[in-house]
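# Overview (structure and organization)
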Amino acid sequence: MFKNILVNALVNLGDVVLTTSALALIKKNFPETRITMLVKSVVADAVIDNPVIDDVIVLNYKSKENSLKKMRELVKEIKKRDFDLAISFDRKLRPALLTFFAGIPRRVVPSKVFDDNKSRVTIFYTDVIEISHDLNKTLQAETYQEIIRKFFNISGHETPKFPKKSSKVAENLLKRLPATKFKIALCVKGTFPLKTWSKEYFAEVVQNLKKNLDSVAFFIVGAPNDRDYADEVIKEIGFEVENFCGETSLTDLAELFRRADLFITVDTGATHIAATTGVKMVTVYGCTSPDRWHPINKNAIALTSREPCCPCTKKICDEPLCLKNVKPAQVLDAIRNLGFGLE
(Lines give C-alpha, C1' and ligand atoms only; values in the text may rest on other atoms or scores of the structure.)
Protein backbone atom coordinates (compact mmCIF):
# COMPACT_ATOMS: atom_id res chain seq x y z
CA MET A 1 0.00 0.00 0.00
CA PHE A 2 2.67 2.52 1.02
CA LYS A 3 5.94 2.86 -0.84
CA ASN A 4 7.59 5.91 0.71
CA ILE A 5 7.30 6.40 4.48
CA LEU A 6 8.57 9.21 6.68
CA VAL A 7 9.10 8.19 10.30
CA ASN A 8 9.32 10.92 12.93
CA ALA A 9 11.43 10.03 15.96
CA LEU A 10 12.48 13.33 17.52
CA VAL A 11 13.17 11.53 20.79
CA ASN A 12 16.19 10.61 22.89
CA LEU A 13 18.82 8.06 21.98
CA GLY A 14 17.39 5.04 23.79
CA ASP A 15 13.98 5.54 22.24
CA VAL A 16 15.43 6.00 18.76
CA VAL A 17 17.18 2.64 19.10
CA LEU A 18 13.97 1.00 20.34
CA THR A 19 11.87 2.42 17.48
CA THR A 20 14.04 0.52 15.00
CA SER A 21 12.30 -2.67 16.15
CA ALA A 22 9.08 -1.24 14.70
CA LEU A 23 10.83 -0.33 11.45
CA ALA A 24 12.21 -3.87 11.27
CA LEU A 25 8.62 -5.10 11.48
CA ILE A 26 7.67 -2.91 8.50
CA LYS A 27 10.66 -4.10 6.47
CA LYS A 28 9.93 -7.75 7.26
CA ASN A 29 6.38 -7.45 5.95
CA PHE A 30 6.94 -4.87 3.21
CA PRO A 31 10.58 -5.19 2.08
CA GLU A 32 10.15 -2.86 -0.92
CA THR A 33 8.92 0.02 1.23
CA ARG A 34 11.35 2.93 1.51
CA ILE A 35 11.75 4.29 5.04
CA THR A 36 13.17 7.75 5.79
CA MET A 37 13.70 8.72 9.42
CA LEU A 38 13.52 12.24 10.84
CA VAL A 39 15.76 12.56 13.91
CA LYS A 40 17.67 15.07 16.00
CA SER A 41 21.32 15.57 15.06
CA VAL A 42 22.66 14.09 18.31
CA VAL A 43 21.24 10.65 17.47
CA ALA A 44 21.85 10.61 13.71
CA ASP A 45 24.75 8.17 14.09
CA ALA A 46 22.26 5.56 15.34
CA VAL A 47 20.20 5.60 12.14
CA ILE A 48 22.59 6.45 9.29
CA ASP A 49 23.41 3.14 7.55
CA ASN A 50 20.99 1.33 9.83
CA PRO A 51 19.87 -1.87 8.05
CA VAL A 52 16.14 -1.02 8.35
CA ILE A 53 16.41 2.65 7.34
CA ASP A 54 16.91 3.82 3.76
CA ASP A 55 17.46 7.55 4.31
CA VAL A 56 17.74 10.08 7.12
CA ILE A 57 16.63 13.68 7.53
CA VAL A 58 18.43 15.43 10.37
CA LEU A 59 16.59 18.19 12.17
CA ASN A 60 19.13 20.68 13.50
CA TYR A 61 17.56 22.90 16.10
CA LYS A 62 18.02 24.01 19.67
CA SER A 63 15.26 23.31 22.16
CA LYS A 64 14.53 27.03 22.68
CA GLU A 65 14.82 27.93 19.04
CA ASN A 66 11.63 28.70 17.15
CA SER A 67 12.72 29.53 13.64
CA LEU A 68 9.83 29.75 11.18
CA LYS A 69 12.36 29.99 8.36
CA LYS A 70 13.90 26.65 9.26
CA MET A 71 10.46 25.10 9.60
CA ARG A 72 9.45 26.34 6.15
CA GLU A 73 12.67 24.99 4.64
CA LEU A 74 12.09 21.59 6.18
CA VAL A 75 8.45 21.52 5.05
CA LYS A 76 9.65 22.14 1.48
CA GLU A 77 12.26 19.39 1.82
CA ILE A 78 9.67 16.91 3.07
CA LYS A 79 7.12 17.92 0.44
CA LYS A 80 9.50 17.39 -2.48
CA ARG A 81 10.23 13.83 -1.36
CA ASP A 82 6.61 12.88 -2.03
CA PHE A 83 5.98 10.70 1.02
CA ASP A 84 2.69 8.79 1.02
CA LEU A 85 2.69 8.02 4.76
CA ALA A 86 4.08 9.62 7.92
CA ILE A 87 4.39 7.70 11.19
CA SER A 88 5.16 9.52 14.42
CA PHE A 89 6.58 7.75 17.46
CA ASP A 90 5.89 10.75 19.68
CA ARG A 91 3.16 13.36 20.05
CA LYS A 92 5.27 16.49 19.77
CA LEU A 93 3.94 19.53 17.97
CA ARG A 94 6.91 20.14 15.64
CA PRO A 95 6.73 16.87 13.64
CA ALA A 96 2.93 17.10 13.60
CA LEU A 97 3.10 20.52 11.94
CA LEU A 98 5.88 19.49 9.57
CA THR A 99 3.99 16.52 8.15
CA PHE A 100 0.65 18.37 8.13
CA PHE A 101 1.94 21.36 6.16
CA ALA A 102 3.99 19.11 3.89
CA GLY A 103 0.70 17.57 2.83
CA ILE A 104 1.53 13.93 3.46
CA PRO A 105 -1.85 12.24 2.80
CA ARG A 106 -1.77 9.69 5.66
CA ARG A 107 -0.32 10.65 9.02
CA VAL A 108 -0.25 8.19 11.91
CA VAL A 109 0.22 8.87 15.62
CA PRO A 110 -0.43 6.77 18.76
CA SER A 111 -3.08 7.71 21.31
CA LYS A 112 -0.36 7.44 23.96
CA VAL A 113 3.31 6.57 23.93
CA PHE A 114 5.20 8.06 26.89
CA ASP A 115 2.34 8.78 29.26
CA ASP A 116 -1.43 8.39 29.51
CA ASN A 117 -2.20 12.09 29.10
CA LYS A 118 -4.40 13.15 26.21
CA SER A 119 -2.84 15.35 23.54
CA ARG A 120 -4.42 17.91 21.24
CA VAL A 121 -1.58 17.33 18.78
CA THR A 122 -3.46 14.29 17.47
CA ILE A 123 -5.81 16.62 15.53
CA PHE A 124 -3.05 17.07 12.94
CA TYR A 125 -3.09 13.34 12.09
CA THR A 126 -5.41 11.31 9.87
CA ASP A 127 -5.05 8.11 11.93
CA VAL A 128 -4.79 7.84 15.71
CA ILE A 129 -3.76 4.34 16.79
CA GLU A 130 -5.29 3.32 20.08
CA ILE A 131 -2.75 1.98 22.56
CA SER A 132 -4.68 0.22 25.29
CA HIS A 133 -2.00 -1.64 27.26
CA ASP A 134 -0.35 -0.39 30.47
CA LEU A 135 2.73 1.53 29.34
CA ASN A 136 4.62 0.87 32.58
CA LYS A 137 4.18 -2.89 32.29
CA THR A 138 5.04 -3.19 28.61
CA LEU A 139 8.44 -3.01 26.95
CA GLN A 140 8.69 0.33 25.16
CA ALA A 141 9.81 -1.41 21.98
CA GLU A 142 6.53 -3.35 22.03
CA THR A 143 4.58 -0.10 22.30
CA TYR A 144 6.32 1.16 19.16
CA GLN A 145 5.65 -2.14 17.38
CA GLU A 146 2.01 -2.10 18.46
CA ILE A 147 1.54 1.15 16.51
CA ILE A 148 2.81 -0.64 13.41
CA ARG A 149 0.90 -3.88 14.00
CA LYS A 150 -2.42 -2.07 14.40
CA PHE A 151 -2.03 0.35 11.50
CA PHE A 152 -0.82 -2.23 8.98
CA ASN A 153 -2.93 -5.07 10.45
CA ILE A 154 0.09 -7.36 10.77
CA SER A 155 1.57 -9.49 13.55
CA GLY A 156 4.99 -10.41 14.82
CA HIS A 157 7.80 -9.11 16.99
CA GLU A 158 11.21 -7.75 16.04
CA THR A 159 14.30 -6.57 17.91
CA PRO A 160 16.04 -3.18 17.66
CA LYS A 161 18.68 -2.76 14.96
CA PHE A 162 21.89 -0.73 14.99
CA PRO A 163 24.52 0.07 12.33
CA LYS A 164 27.55 -2.21 12.35
CA LYS A 165 30.71 -0.46 11.19
CA SER A 166 34.40 -1.11 11.58
CA SER A 167 35.91 1.38 14.02
CA LYS A 168 39.52 2.47 14.20
CA VAL A 169 38.50 4.67 17.13
CA ALA A 170 37.35 1.64 19.15
CA GLU A 171 40.48 -0.27 18.24
CA ASN A 172 42.75 2.60 19.29
CA LEU A 173 40.90 3.18 22.54
CA LEU A 174 41.21 -0.47 23.51
CA LYS A 175 44.96 -0.29 22.87
CA ARG A 176 45.12 1.98 25.91
CA LEU A 177 44.07 -0.95 28.08
CA PRO A 178 46.60 -3.48 29.38
CA ALA A 179 46.58 -6.92 27.76
CA THR A 180 44.11 -8.88 29.87
CA LYS A 181 41.79 -11.85 29.66
CA PHE A 182 38.67 -9.77 30.35
CA LYS A 183 37.61 -6.27 29.27
CA ILE A 184 34.74 -4.78 31.25
CA ALA A 185 32.84 -1.64 30.20
CA LEU A 186 31.11 0.63 32.69
CA CYS A 187 28.52 3.39 32.28
CA VAL A 188 28.35 5.14 35.64
CA LYS A 189 26.13 8.19 35.10
CA GLY A 190 22.50 8.48 34.10
CA THR A 191 20.83 11.49 32.55
CA PHE A 192 19.64 12.61 35.99
CA PRO A 193 20.39 11.68 39.65
CA LEU A 194 17.65 9.06 40.09
CA LYS A 195 19.23 7.01 37.31
CA THR A 196 22.75 7.20 38.76
CA TRP A 197 23.97 4.40 41.04
CA SER A 198 26.37 5.56 43.76
CA LYS A 199 30.10 5.93 43.19
CA GLU A 200 30.75 3.82 46.29
CA TYR A 201 28.62 0.95 44.98
CA PHE A 202 30.32 1.01 41.57
CA ALA A 203 33.72 1.09 43.26
CA GLU A 204 32.87 -1.93 45.43
CA VAL A 205 31.81 -3.97 42.40
CA VAL A 206 34.89 -3.05 40.38
CA GLN A 207 37.25 -3.72 43.29
CA ASN A 208 35.68 -7.14 43.82
CA LEU A 209 35.98 -8.03 40.13
CA LYS A 210 39.62 -6.93 40.11
CA LYS A 211 40.29 -9.16 43.10
CA ASN A 212 38.50 -12.25 41.82
CA LEU A 213 39.07 -12.35 38.07
CA ASP A 214 42.42 -13.61 36.82
CA SER A 215 43.17 -10.77 34.44
CA VAL A 216 40.82 -7.82 33.89
CA ALA A 217 40.81 -4.24 32.62
CA PHE A 218 38.03 -1.67 32.96
CA PHE A 219 36.92 1.33 30.94
CA ILE A 220 34.12 3.88 31.38
CA VAL A 221 31.95 5.14 28.51
CA GLY A 222 29.61 8.10 28.36
CA ALA A 223 28.94 11.53 26.94
CA PRO A 224 31.50 14.37 27.07
CA ASN A 225 29.77 15.96 30.06
CA ASP A 226 30.04 12.65 31.97
CA ARG A 227 33.82 12.78 31.95
CA ASP A 228 34.39 14.65 35.21
CA TYR A 229 31.94 12.44 37.08
CA ALA A 230 33.65 9.34 35.65
CA ASP A 231 36.97 10.65 36.99
CA GLU A 232 35.39 10.92 40.43
CA VAL A 233 34.26 7.28 40.21
CA ILE A 234 37.76 6.23 39.15
CA LYS A 235 39.19 8.05 42.15
CA GLU A 236 36.75 6.15 44.38
CA ILE A 237 37.78 2.85 42.77
CA GLY A 238 41.40 3.53 43.65
CA PHE A 239 43.23 2.03 40.69
CA GLU A 240 43.62 2.68 36.97
CA VAL A 241 40.44 2.64 34.91
CA GLU A 242 40.38 4.20 31.44
CA ASN A 243 37.94 7.06 30.89
CA PHE A 244 36.56 7.03 27.32
CA CYS A 245 33.70 9.49 27.96
CA GLY A 246 33.24 11.84 25.03
CA GLU A 247 35.76 10.03 22.82
CA THR A 248 33.39 7.92 20.74
CA SER A 249 30.63 8.27 18.21
CA LEU A 250 27.58 6.08 18.77
CA THR A 251 28.81 3.48 16.29
CA ASP A 252 32.28 3.55 17.91
CA LEU A 253 30.53 2.87 21.20
CA ALA A 254 28.73 -0.14 19.73
CA GLU A 255 32.06 -1.53 18.54
CA LEU A 256 33.50 -1.16 22.03
CA PHE A 257 30.60 -3.21 23.38
CA ARG A 258 31.17 -5.89 20.75
CA ARG A 259 34.75 -6.23 21.97
CA ALA A 260 33.88 -6.17 25.69
CA ASP A 261 33.27 -9.26 27.81
CA LEU A 262 30.84 -7.52 30.18
CA PHE A 263 28.98 -4.22 30.49
CA ILE A 264 27.80 -2.86 33.85
CA THR A 265 25.51 0.12 33.45
CA VAL A 266 22.68 2.28 34.66
CA ASP A 267 19.58 2.97 32.55
CA THR A 268 20.83 5.05 29.61
CA GLY A 269 20.66 5.17 25.83
CA ALA A 270 23.98 3.31 25.77
CA THR A 271 22.22 0.41 27.48
CA HIS A 272 20.02 -0.12 24.42
CA ILE A 273 22.92 0.26 22.00
CA ALA A 274 24.80 -2.39 23.96
CA ALA A 275 21.78 -4.70 23.88
CA THR A 276 21.89 -4.80 20.06
CA THR A 277 25.45 -6.21 20.22
CA GLY A 278 24.59 -9.17 22.48
CA VAL A 279 27.26 -8.31 25.05
CA LYS A 280 26.74 -9.76 28.54
CA MET A 281 25.36 -6.94 30.64
CA VAL A 282 23.96 -5.98 34.02
CA THR A 283 21.74 -2.90 34.26
CA VAL A 284 20.85 -1.15 37.52
CA TYR A 285 17.47 0.62 37.52
CA GLY A 286 16.51 3.43 39.86
CA CYS A 287 13.31 5.42 39.29
CA THR A 288 12.59 3.68 35.97
CA SER A 289 11.19 0.18 35.64
CA PRO A 290 12.82 -2.72 33.76
CA ASP A 291 9.31 -3.92 32.94
CA ARG A 292 9.32 -1.08 30.42
CA TRP A 293 13.00 -0.38 29.78
CA HIS A 294 14.70 -3.79 30.04
CA PRO A 295 17.42 -4.13 27.37
CA ILE A 296 16.32 -6.56 24.66
CA ASN A 297 19.24 -8.96 24.92
CA LYS A 298 19.19 -12.59 26.10
CA ASN A 299 22.51 -11.91 27.85
CA ALA A 300 21.11 -9.02 29.92
CA ILE A 301 20.15 -9.01 33.59
CA ALA A 302 18.17 -6.08 34.97
CA LEU A 303 18.23 -5.23 38.68
CA THR A 304 15.68 -3.13 40.55
CA SER A 305 14.49 -2.86 44.14
CA ARG A 306 10.86 -2.40 43.01
CA GLU A 307 10.05 0.32 45.49
CA PRO A 308 6.32 1.12 45.89
CA CYS A 309 6.95 4.60 44.43
CA CYS A 310 8.63 3.26 41.30
CA PRO A 311 8.36 4.16 38.48
CA CYS A 312 8.29 7.86 39.24
CA THR A 313 8.73 11.05 37.28
CA LYS A 314 11.01 12.85 39.73
CA LYS A 315 14.59 13.74 38.90
CA ILE A 316 15.71 14.38 42.47
CA CYS A 317 14.58 12.59 45.63
CA ASP A 318 15.54 13.24 49.26
CA GLU A 319 16.07 9.52 49.92
CA PRO A 320 16.33 7.50 46.69
CA LEU A 321 15.68 3.99 48.05
CA CYS A 322 15.29 2.74 44.49
CA LEU A 323 19.06 3.17 44.07
CA LYS A 324 20.21 2.53 47.64
CA ASN A 325 18.46 -0.84 47.81
CA VAL A 326 20.15 -2.34 44.78
CA LYS A 327 23.34 -3.48 46.48
CA PRO A 328 26.76 -4.34 45.02
CA ALA A 329 26.26 -7.95 46.13
CA GLN A 330 23.25 -8.22 43.80
CA VAL A 331 25.30 -6.98 40.86
CA LEU A 332 28.06 -9.48 41.67
CA ASP A 333 25.51 -12.29 41.89
CA ALA A 334 24.16 -11.29 38.48
CA ILE A 335 27.68 -11.35 37.04
CA ARG A 336 28.14 -14.88 38.43
CA ASN A 337 24.90 -15.90 36.73
CA LEU A 338 26.34 -14.63 33.44
CA GLY A 339 29.17 -17.13 33.78
CA PHE A 340 31.94 -15.20 35.48
CA GLY A 341 33.57 -17.18 38.29
CA LEU A 342 33.70 -15.08 41.44
CA GLU A 343 34.34 -16.10 45.04
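Our subject is the structure listed above.
Presented here is a report on the structure given in the accompanying data block. (Residues numbered from 1 in each chain as written. Predicted model: local features only at pLDDT ≥ 70, side-chain atom pairs only at ≥ 80, totals over all residues. Heavy atoms only, no water.)

### Some thoughts on the pairing of strand E11 (residues 281–284)
By the alternation rule, side chains of E11 split into Met-281 and Thr-283 and Val-282 and Val-284, which are all buried. For strand E10 (residues 262–266) and E11, the ladder comprises 4 bridges, and the chain directions are parallel. Bridge pairing links Ile-264 to Val-282 in E11. Crossover connection from E10 via helix H9 (residues 269–277) to parallel E11: handedness right-handed. Bridge count between E11 and strand E12 (residues 300–303): 4 bridges; the pairing is parallel. Each bridged residue has a counterpart across the sheet, and for Thr-283 the counterpart in E12 is Ala-302. (Buried < 20%, exposed > 50% of the residue type's maximum accessible area, 1.4 Å probe, protein only. Helix = DSSP H or I, 4+ residues; strand = E, 2+ residues; numbered from the N terminus. Pairing = 2+ DSSP bridges. Right-handed = clockwise from strand over helix to strand, strands pointing away.)

### A few points about the nonpolar core
Membership of the largest hydrophobic core comes to 66 residues, with the highest contact counts inside it found for Phe-152 and Phe-257. In terms of residue count, helix H1 (residues 13–29) provides more of this core than any other element does, 9 residues in total. With sequence-adjacent residues up to four places away left out, Phe-152 is seen in contact with Phe-2, Ile-5, Ile-26, Phe-30, Leu-85 and Ile-87. Of all hydrophobic cores here, the second largest spans 40 residues; its members include Val-216, Val-233, Cys-245 and Val-326. (Core = buried A, V, L, I, M, F, W, Y, C linked by side-chain atoms within 4.5 Å. Contact = heavy atoms within 4.5 Å.)

### Some thoughts on the pattern of salt bridges
The final tally for this structure, using the stated rule, is 26 salt bridges. Here Asp-116 ties to Lys-112 by a salt bridge, and the two come within 3.1 Å at their closest N and O atoms. Looking at Asp-116, the relative accessible area reads 56%, which means it is exposed. For Lys-112, a relative accessible area of 13% translates into the label buried. Across the pair Arg-259 and Glu-255 runs a salt bridge whose closest N-O atoms are separated by 3.0 Å. Linking Arg-259 with Glu-255, this pair stays in helix H8 (residues 250–259), spanning 4 residues, or about one helical turn. By relative accessible area, Arg-259 is classed as partly exposed at 32%. If you follow the salt bridges from partner to partner, you end up with Arg-34, Asp-55, Glu-77, Lys-80 and Arg-81 in one network. (Salt bridge = Lys/Arg side-chain N within 4 Å of Asp/Glu carboxyl O.)

### Quick look at the packing of H1 against helix H4 (residues 140–152)
Two quantities define a packed helix pair, namely the angle between the axes and the distance from one axis to the other. At a minimum axis distance of 8 Å, the contact between H1 and H4 shows a crossing angle of 30°. With respect to their mutual orientation, H1 and H4 come out roughly parallel. Both H1 and H4 take part in a crossing whose hand is right-handed. Contacts between H1 and H4 involve Asp-15, Leu-18, Thr-19, Ser-21, Ala-22, Leu-25 and Ile-26 from the former and Gln-140, Ala-141, Tyr-144, Gln-145, Ile-148, Arg-149 and Phe-152 from the latter. Split into classes, the residues belonging to the contact of H1 with H4 amount to 8 nonpolar, 4 polar and 2 charged. (Axes fitted to C-alpha atoms, helices over the stretch in contact; angles between N-to-C directions. Parallel < 35°, antiparallel > 145°, perpendicular 65-115°, else oblique. Left-handed = near helix turned anticlockwise from the far one by under 90°. Nonpolar A, V, L, I, M, F, W, Y, C, P; charged D, E, K, R; others polar.)

Read these as geometric descriptors, not functional statements.
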